[in-house]
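A closer look at the structure
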Amino acid sequence: MENFLKDIRFGLRVLMKDKVLTIVAILALAIGTGANTAIFSVVNAVLLRPLPYNEPDRLIVMWGTNVNKGMTTSPVSILDFKDYRDRNNTLEAMASYSYDDFNISRGDVPERIQGAFVSANFFNVLGVKQALGNNFASNADQAGAERVAIISDGLWKRRFAASKEVIGEDLMINGANYKVIGVMGPEFRAPAPYDEKLADDDIWIPMSFDISDPARLPSVITPDRLKTEAGQRKWSFLQIIGRLKPNVPINQAEADLTNIAGQLERDFQATNRGRSVRLVPLHQQIVGNMKPAFVLLLVAVGLVLLIACANVANLLLARAARRQKEIAIRVALGAGRARLIRQLLTESVMLGVAGGALGLAVAFAGIKLLIALNPPKLPRLDEIGIDGFVLLFTLLISVLTGIIFGLVPALQASKPNLNETLKEGGRGSTAGGAARRIRTFIVVSEVALTTVLLIGAALMLKSFLSLQKVDPGFNSDRVLTMQMTLPLLKYSTVDEETGAYEPDAKRMIQFYDAALERIQQNRNEVQAAGLINIIPLTEGKTETSFNIEGRESPDETYSANASTISENYFEAMGIRILEGRAFDQRDRIERKEESEGSEAPLTVIINKGMAERFWPGQSAIDKRIVLPGDPPKRLRIVGVVADVKTSKLSEDAPNSQIYVPYFQSDEPDRYTALIVRTKTDPEAATATVRKAIQDVDPFQPVYFVKTLDTIVSESISQPRLYMALLAIFAGIALVLAAIGIYGVMSYSVTQRTHEIGIRMALGAQGGDILKMVIRQGMTLAIAGTIIGAAAALALGAMSASMWPGFTSSLLFGVSAIDLGTYIVIPLVLAAIALVSISIPALRATKVDPMVALRYE
């Protein structure tokens, strides 16, 4: 221990003596360590840290599948869920849930919040308890049970001022009165469906399948669909979470449930043909496809750290050359090689730890920046931070980097040539050939690693620029969007025979018409306003099957994205009408209470891609498509519009897209998005539009208020984040590599001062010296860029062949082996290396031969 403390004290004196080297080394290591710590903290929170539930490894998500329809991630029907729950032998418990949005109020301004309908045992299956109040009773999801709700910590603080008197208070939800019975803790997040993250929910309500109480049914399903057992078997809208029995592997449970699915298929051919199930660990469901991207980022920051280590190793090699005489004297006095290596490694580890300590500050700033960017779909974002595990990682990486960059200089310096070094007048500071070869190898490695990073960043940048140039098919300038959901309890009628609530199409259409009319009355701010069920680029879509009139075949149907819109939707969105017309009063159906038909035919508008696919070389106007039904609906095409990117900008070929008017629907969508093209700043019109809606219905809130520009920007936020991070890491690597090349060449010029003086004394000109130094440096730089480009090309080809899905998810409009990038980046790096080399090269031309000949 005493010797260890002596090594530390001596190391401190050595580091303080050479302040410039120490500061440069610590800064380089701080950047590398800080970047690694920041990314590792994200990986730790998302991938490594257990989920905040009791025994989370036993939690699974069950998805329905249907081989006949090509569905691998589907909800489950009511009766199927009950059969899986009651018949299985491998799950301890199963709970169902369905995410929804809710209109809530306490007699004040209504608010739209996210939440979920859940089975009574939902929180029990997750293994969590309420921070305040009680859990749902075991019969809370049964017909006739009291309407109760459990709320989130956020809603409790926001709407109830964190009052403990909230338990038992009334809350108006979707037009029905509920009693608050519990509050979840601030750390609780529920697993969400589909979108691979934890839900930021505010309320949970027991889901009853009682069709006479629509307030306790998810809005995705209407009570009239559940009136019969066939309906309860057919309509799938439940997400399922389960807890495995102790020591039961997931594959055994999947086999058990698959066997039950086979029994149901045999018993209920009409509804369950082709249906089965698959199980996914809950952690995998939440993390989703983020893992490959995190691995890519970890590799990138790992390369940055290696480059930083290479830089510091070069600095230590240069310092070791200057300390050769000191080390030789210590050897002559009896110091063993192991003792010298220990001392030199102690100094390098001290540098590593100091760099790691400063790197924590860099990491903290990086994490703050990442959280401020609020990347969408990044799960567990609020859990990212520097905890004990991250601190341990930083300490380990600091010590390891200290050993890595210090080991080679320590081994090299610990075996000096005593005769040469101690010889009076000898060039004790001149490095041997082995040291030069090591420095050369390090510089070439630095440049190669930097080339790999720069090529990766350039490919991502090129991909992102290609994505930005994609025409979405609409004009997003000065467009405001917001969403609203009409509560079924208010906009419905009751079936006298079954007591089931059924959507009242007439009342819904009256509300939509009145709201649009009220909004468009404000001519000073509003240019046009329209409705659509799902906004493009929000990653949601509704598909429908159809046939072409005259080409009907029972064995073949087609599918298309289906959107329900209002008359002025295309004008509000800036979507070009290429042929025919938009919807107008001619398409309005006159609804009469006892009329069997309508005074207007059913009409439809299609996109250009669909028109070219089914009617190539001819007009699609007045052609008809047939939608399934009893009887089938025949829709006349009255217009063709430009192709619109529906789910994401990187969609390849245009999908078939049909637009139907909401006022022709027997069951208009209660989920509706309002699109308003404004004459001024769209955000400034928000209050006006909100007031117009509440003038029609004072208790109807709007939510998800965004400009269309924001929606377009958010749709490419993930590739933007990856591109930005990779560009930052590549930029850091480039700076470090340039500094490394400069340091090596500067040191080389210093070491060769005597040689340069002799050359100049013998008649060499400044230009000859300049060429010699530049040739030496550029040889290293070019070798590094060639090796790096070859390595990047091999990695690109390997990823394209082995992981095509991952590669295509990161790159759009550019190949992983884009030759232009592989040529330009090495040339750019070579040019930057030339600048770094030119500084010491120019200094070499100014050497005074007389001074150089006396240089020791």
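None of the values given here were measured: they were computed from a predicted structure.

1. Some words on unusual backbone geometry
The phi dihedral of Asn-247 is positive, around 65°, even though this residue is not glycine. Among the structural elements, Asn-247 can be located in the loop between strand E13 (236–244) and helix H7 (250–267). One non-glycine residue, Arg-478, lies in positive phi territory at about 55°.

2. With respect to the packing of helix H16 (residues 505–520) against helix H19 (residues 686–696)
Axis separation between H16 and H19 bottoms out at 9 Å; the angle between their running directions is 140°. As summarised for this structure, H16 and H19 are arranged oblique, according to the angle between their axes. Of the two possible hands of crossing, H16 and H19 adopt the one that is right-handed. Residues Phe-511, Ala-514, Ala-515, Arg-518 and Ile-519 of H16 form the contact with H19, whose participating residues are Val-689, Ala-692, Ile-693, Asp-695 and Val-696. Split by residue class, the contact of H16 with H19 holds 8 nonpolar, no polar and 2 charged.

3. Considerations on the pattern of salt bridges
By the definition in use, this model includes 27 salt bridges. Arg-106 serves as the salt-bridge partner of Glu-169, at 2.8 Å between the closest nitrogen and oxygen. Note that Glu-169 is positioned in the loop between helix H5 (153–160) and strand E8 (170–173) and Arg-106 in the loop between strand E4 (91–105) and strand E5 (111–118), a separation of 63 residues in sequence. For Arg-106, a relative accessible area of 36% gives the class partly exposed. A salt bridge links Lys-706 to Glu-714; the shortest N-O distance between them is 2.9 Å. Given a relative accessible area of 30%, Lys-706 falls into the partly exposed group.

4. Digging into the pairing of E13
Among the 9 residues in E13, 8 count as buried, and that is most of the element. As defined by bridge partners, E4 adjoins E13 across 6 bridges and the pair is classed as antiparallel. Bridge pairing links Ala-95 to Ile-241 in E13.

5. Describing the environment of Thr-451
With respect to the helices and strands, the residue Thr-451 is situated in helix H15 (residues 433–468). Sequence-distant contacts of Thr-451, defined by excluding residues within four places in its chain, comprise Gly-784, Thr-785, Gly-788, Ala-789, Ile-825, Pro-826 and Leu-829. Engagement of the side chain of Thr-451 in a polar contact is seen with the backbone oxygen of Val-447, the distance being 2.7 Å.

6. Remarks on H19
Given 3.6 residues to a turn, an α-helix orients residues that are three or four positions apart in the same direction. Turning to H19, its buried residues are Thr-686, Val-689, Ala-692 and Ile-693. Projected down its long axis, H19 carries its buried residues within an arc of 135°, all on one side. Of the exposed residues in H19, the ones pointing more than 90 degrees away from its buried face are Ala-687 and Lys-691. Structurally, H19 contributes buried residues whose contacts are with strand E15 (479–485), H16, strand E26 (671–678) and strand E27 (703–707).

7. Concerning the confidence of the model for the protein
Predicted confidence across the protein gives a mean pLDDT of 84, with 89% of residues reaching 70 or more. A low-confidence stretch, residues 424–431 (pLDDT under 50), is modelled with 19 contacts involving residues beyond four sequence positions or located in other chains. Predicted confidence for residues 591–599 stays below pLDDT 50, and this span has 9 contacts to residues more than four positions away or in other chains.

8. Brief notes about the environment of Gly-530
You can see Gly-530 is positioned in strand E18 (residues 526–532). Residue Gly-530 is classed as buried on the basis of its relative accessible area, which comes to 0%. Residue contacts for Gly-530: discarding those within four places in its chain leaves Leu-516, Ser-566, Asn-568, Tyr-569, Ala-572, Ala-673, Leu-674 and Ile-675.

9. Let's talk about the packing of aromatic side chains
The full count for this structure, using the stated rule, is 23 aromatic pairs. For the pair Tyr-569 and Tyr-659, a centre-to-centre distance of 6.4 Å together with 40° between the ring planes defines the contact as tilted. Of the two residues, Tyr-569 sits in helix H17 (residues 569–573) while Tyr-659 sits in strand E25 (residues 657–661), which places them 90 residues apart along the sequence. Comparing Tyr-569 with Tyr-659 shows no difference in burial state: the two are buried. Taken together through their ring pairs, the aromatic side chains of Tyr-53, Tyr-97, Tyr-99, Phe-122, Phe-123, Phe-136, Phe-188 and Trp-204 make up a single cluster. Cation over ring: Arg-233 sits above Phe-268, and NZ or CZ is 3.9 Å from the ring centre. Its end group placed over the ring of Tyr-491, Arg-507 keeps NZ or CZ at 5.6 Å from the ring centre.

10. Considering the side chain of Asp-141
Take Asp-141: it is sitting in the loop between strand E6 (132–133) and strand E7 (148–151). Among buried charged residues, Asp-141 stands out as having no salt bridge; its nearest opposite-charge side chain is Arg-85, 6.0 Å away. Polar contacts involving the side chain of Asp-141 include one to the main-chain amide nitrogen of Ala-120, which spans 3.0 Å. One polar contact links Asp-141 to Gln-142, side chain to side chain, over a distance of 3.0 Å. If we ignore the near neighbours within four places in the chain, the residues touching Asp-141 are Ser-119, Ala-120, Pro-206, Met-207, Ser-208 and Arg-216.

11. Notes on helix H3 (residues 78–87)
Residues Ile-78, Leu-79, Asp-80, Phe-81, Asp-83 and Tyr-84 constitute the buried set of H3. Sitting at the head of H3, Ser-77 places a side-chain oxygen 3.3 Å from the backbone nitrogen of Asp-80.

12. Here we look at a nonpolar patch on the surface
There is a patch of nonpolar side chains on the surface, built from Leu-48, Val-353, Phe-389, Leu-392, Leu-395, Leu-396, Leu-400, Ile-403, Ile-404, Leu-407 and Leu-411 and spanning about 930 Å² of accessible area. With 9 residues, the single largest contributor to the nonpolar patch is helix H13 (residues 388–413). For Leu-396, the position within the fold is in helix H13.

13. A few points about the pairing of strand E9 (residues 176–183)
When you tally the buried positions in E9, you get 6 out of 8 residues, the bulk of the element. In this structure, E6 lies alongside E9, joined through 2 bridges in antiparallel fashion. Pairing of Gly-133 across the sheet is with Gly-182, part of E9. Where E7 and E9 come together, 4 bridges link them in parallel fashion. Note on E9: the bridge partner recorded for Ile-150 is Gly-182. Sheet topology note: the E8/E9 ladder contains 4 bridges and is antiparallel. Bridging from a neighbouring strand, Leu-171 pairs with Tyr-178 of E9. Connecting E8 to the antiparallel partner E9 that follows it, the hairpin turn spans 2 residues, and Asn-174 within it adopts a positive phi of roughly 50°.

14. Some thoughts on the environment of Phe-102
Of note, Phe-102 is situated in strand E4. Residues Phe-102 and Pro-487, spaced 385 residues apart in sequence, show a C-alpha to C-alpha distance of 8.4 Å. Residues contacting Phe-102, with those up to four places away along its chain left out, are Glu-111, Arg-112, Ile-113, Gln-114, Gly-115, Ala-116, Phe-117, Ile-173, Asn-174, Ile-203 and Ile-205.

Reading the values: the criteria
Residues numbered from 1 in each chain as written. Predicted model: local features only at pLDDT ≥ 70, side-chain atom pairs only at ≥ 80, totals over all residues. Heavy atoms only, no water. Helix = DSSP H or I, 4+ residues; strand = E, 2+ residues; numbered from the N terminus. Axes fitted to C-alpha atoms, helices over the stretch in contact; angles between N-to-C directions. Parallel < 35°, antiparallel > 145°, perpendicular 65-115°, else oblique. Left-handed = near helix turned anticlockwise from the far one by under 90°. Contact = heavy atoms within 4.5 Å. Nonpolar A, V, L, I, M, F, W, Y, C, P; charged D, E, K, R; others polar. Salt bridge = Lys/Arg side-chain N within 4 Å of Asp/Glu carboxyl O. Buried < 20%, exposed > 50% of the residue type's maximum accessible area, 1.4 Å probe, protein only. Pairing = 2+ DSSP bridges. Polar contact = N/O pair within 3.5 Å; in protein donor to acceptor, adjacent residues only side chain to side chain. Arc of directions from axis to C-beta. pLDDT = per-residue confidence, 0-100. Phe/Tyr/Trp six-rings, centres within 6.5 Å; stacked < 30°, edge-to-face > 60°. Lys NZ or Arg CZ within 6 Å of the ring centre and 35° of its normal. Lys, Arg positive; Asp, Glu negative; His and termini not counted. Patch = residues over 30% accessible without salt bridge, like charges linked within 9 Å, V, L, I, M, F, W, Y side chains within 5 Å. Areas by Shrake-Rupley, 256 points an atom, 1.4 Å probe, with all protein chains shown as cover.

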